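Structural features, examined
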Amino acid sequence: MIRRVLPHDLGRGLLTRRPGTRRGGFSLDWDGKVSEIKKKIKSILPGRSCDLLQDTSHLPPEHSDVVIVGGGVLGLSVAYWLKKLESRRGAIRVLVVERDHTYSQASTGLSVGGICQQFSLPENIQLSLFSASFLRNINEYLAVVDAPPLDLRFSPSGYLLLASEKDAAAMESNVKVQRQVGAKISLMSPDQLRNKFPWINTEGVALASYGMEDEGWFDPWCLLQGLRRKVQSLGVLFCQGEVTRFVSSSQRMLTTDDKAVVLKRIHKVHVKMDCSLEYQPVECAIVVNAAGAWSAQIAALAGIGEGPPGTLQGTKLPVEPRKRQCKPCPHLSLQQEEPDPANLEVDHDFFQDNVWPHLALRIPAFETLKVQSAWAGYYDYNTFDQNGVVGPHPLVANMYFATGFSGHGLQQAPGVGRAVAEMILKGRFQTIDLSPFLFTRFYLGEKIQENNII
Amino acid sequence: MWDLVLEDRRINSLRLVAPMWNGRIRGIHRLGGAVAPEGNQKKKRTILQLLTNYFYDVEALRDYLLQREMYKVHEKNRSFTWLEKQHGPYGAGAFFILKQGGAVKFRDKEWIRPDKYGHFSQEFWNFCVVPVEAVDASDCDINYEGLDNLLLLKELQSLSLQRCSHVDDWCLSRLYPLADSLQELSLAGCPRVSERGLACLHHLRNLRRLDISDLPAVSNPGLTQILVEEMLPNCEVVGVDWAEGLKSGPEEQPQDTASPVPA
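Here's what I pulled together on the structure shown here. Only a predicted model underlies this, so the values are computations on that prediction, with no experimental measurement involved.

1. Focus on the pairing of strand β1 (residues 103-106) of chain B
All names here are of chain B. Residues A103 and K105 line one face of β1 and the alternating positions V104 and F106 line the opposite face, and both faces are buried. Two elements, β1 and strand β3 (residues 132-136), share four bridges in a ladder whose sense is antiparallel. Following the sheet pairing, K105 is matched in β3 by A134. Bridge analysis of β1 against strand β2 (residues 111-112) gives two bridges, and the strand direction is antiparallel. Residue pairing for β2: K105 is matched across the bridge by W111.

Here's what the structure looks like:
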């Protein structure tokens, strides 16, 4: 009986017209309206930001103590150490502005991820040693409650450097400096080298230095994500946007020799949102330039380098994006044309023509080598002396640099981040003294040459 | 709420260990499998997670407990430089191992092992000039810093680091000073050792026996066995059957004869 009744009812239901289902008439979008009302009620309840007029949740905050331009490994390292070294919890408000959250062109993600202590400058060796200990204890430094531990996939295989007759003395003195600072490097004669690595052709090799500990390669992406996670848990704000303008004020002052200098101070940073003209002026006390290969543009925005050349005002930040380390290199006869840094295209012939012959000569087994894949990334290349720029600018009083490391930014990031944080919070370098890396050396012309560039 | 926190502290301290070893680490011959009922642990964890997300105090407390766990491991691995000055390197190294709960064998002497309360006989201070021949540091909390003390034993011939949860690739890269004397090494059951760490054992030229069974972090045990055998041609590499990937039946775990049988 029920079966007979139901279809009858349904049939009647289908045939009768209901208000609102008439074609072309007014239709009530119940679901949309209900969700909108729910959103409005939620925003009125306590605990949420009440912005009934305009939704600004995608914009950065209006005030921040420190704005870090660039969210790569150096920028995040500075943010981490600022939060670690602050005198009480929540003392410093930090905002990290990163243009591209996918890090598609950032040098960090595209880096090989090697770490090595075989430098000639003691500061570089100290930075590398500290970074090795940071990576070793990364799960204590970057521990976040309830998050899985980080697996850096570190291969502690060490770097082997070979030297010919004329460079052997330089290598020996370098190794002496390295051992003094605390790195564990062993020197080998060609016989010992053949004994240890029988697959190397030791023709022309007079001396070899091999890193026994704390050298190798790791996964830079994992380090980046670990830093991001930890830094977010410590309360650092992130913003996806581009810095387009600095609003600053200048003051004319007299030096002790009665020379006039113009000191600038940045007050606001204009952060422009992605794919829109909307921008947010962020009022800040300190700006950290950690923009990597594009640091020169940020420096130019702050007015660094606008002046007659040869003066301190006219000294630009000599960092530019480069795809290849082209320094005068007597061992490899490299063609000196620079690859175009406008894009990240790979020049596949370069390996075949320039690198493979030397590889095959040194390691006979590599004669049958075939390239499976290749990728390109930028160096934040310091054209002055290929070493990093750290510390405040002498004229723009509140801009700090942490850039220009020309290929070893990743392996020195923890040490540099700590140094910049100490400079900002305490006013001087406390643990590792990076005064040779200040900006003033560009004006004074004091190059600090690093002989072992990898 | 306190027992929730304590429960999580245990879970937190095991967080540093690979996820396979849930609960107390049992015999090395059991691979995987949940030891404690999973559902109960998961439920406790979400309440705690909820509380952590809502209250700063809970988060700070959990952070503090985690830091304390890590501090305890550091305490155990501090360097005994004063002891080294007093009693020489062999005495300091032996004391370090015995304090951690491992066993030590001096040349021509018997194994010295702490009892279940952690007490051990103090007579070894008398023969501290005798080099230590063998060390059994199974289930100890030795980490990278603790190796400072272990590397004092320059003439060590046999080292067993079975089931040490803090021994990882960095520690293996530090073993090269023992290359002249070390003949036997066992890394069975270490959850943090991977093939990258095994690659830097190439310094140990005199190694005759290497046990690499039961390493959960090694991605391809059969291939790793072949590579290690190639790397150390004079060494007998034990523990993994290179045809493991090809067999479909359950693998046989070989009996480990490196560790001494307790009296």
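Still to come is the rest of the account.
2. Overview of the nonpolar core
Counting 115 residues, the largest nonpolar core has A:I68, A:L223, B:F106, B:F124, B:L185, B:L198 and B:L201 as its most contacted members. Not counting the four nearest positions on each side in its chain, A:I68 is found in contact with A:G75, A:V78, A:A79, A:L82, A:V94, A:L95, A:V96, A:V97, A:V288 and A:A290. Counting 29 residues, the second-largest nonpolar core is a separate cluster that includes A:C239, A:C284, A:V389 and A:F401.

3. Considering the pattern of salt bridges
Counted according to the given criterion, the structure contains 17 salt bridges over all chains. With a closest N to O distance of 3.0 Å, A:R322 and A:E320 form a salt bridge. Exposure remark for A:E320: the relative accessible area of 32% places this residue in the partly exposed category. One network of salt bridges, with partners in common, ties together A:E213, B:D148 and B:R174.

4. Quick word on the sheet that holds strand β5 (residues 185-188) of chain A
Residue and element names in this part refer to chain A. Spatially, β4-β6-β5 is the arrangement adopted by the three strands of the open sheet, whose pairing is antiparallel. Looking at strand neighbours, the two that pair on one side only are β4 (160-163) and β5, the edges of this open sheet. The mean inter-strand angle of the sheet, taken between neighbouring strand axes irrespective of direction, is 20°. For β4 and strand β6 (residues 207-211), the ladder comprises four bridges, and the chain directions are antiparallel.

5. So, the interface of chain A and chain B
Counting residues at the interface gives 27 residues for chain A and 25 residues for chain B. Across the chain A to chain B interface the summed buried area is about 2,400 Å²; carbon plus sulfur atoms make up 52%. Viewed at the interface, chain B and chain A are joined by two salt bridges. B:R62 is paired through a salt bridge with A:D146; the nearest N and O atoms lie 2.8 Å apart. Summed over the shared surface of chain A and chain B, the result is six residue pairs in polar contact (both at pLDDT 80 or more). Put simply, the parts of the chain that give the side of chain A that touches chain B at least two residues each are α4 (122-136) and α5 (138-141) of chain A. Ranked by the residues each element gives to the side of chain A that touches chain B, the list is headed by α4(A), at three residues.

6. Some thoughts on the side chain of A:N387
Of note, A:N387 is situated in the loop between β12 (379-382) and β13 (389-392). Beyond its immediate chain neighbours, meaning those up to four positions away, A:N387 contacts A:L121, A:N124, A:N382, A:G404, A:S406, A:H408, A:R441, A:I448, A:Q449 and A:E450.

The rules we used
Residues numbered from 1 in each chain as written. Chains lettered and ligands numbered in written order. Predicted model: local features only at pLDDT ≥ 70, side-chain atom pairs only at ≥ 80, totals over all residues. Heavy atoms only, no water. Buried < 20%, exposed > 50% of the residue type's maximum accessible area, 1.4 Å probe, protein only. Helix = DSSP H or I, 4+ residues; strand = E, 2+ residues; numbered from the N terminus. Pairing = 2+ DSSP bridges. Core = buried A, V, L, I, M, F, W, Y, C linked by side-chain atoms within 4.5 Å. Contact = heavy atoms within 4.5 Å. Salt bridge = Lys/Arg side-chain N within 4 Å of Asp/Glu carboxyl O. Axes fitted to C-alpha atoms, helices over the stretch in contact; angles between N-to-C directions. Buried area = accessible area lost by both parts, 1.4 Å probe. Polar contact = N/O pair within 3.5 Å; in protein donor to acceptor, adjacent residues only side chain to side chain.

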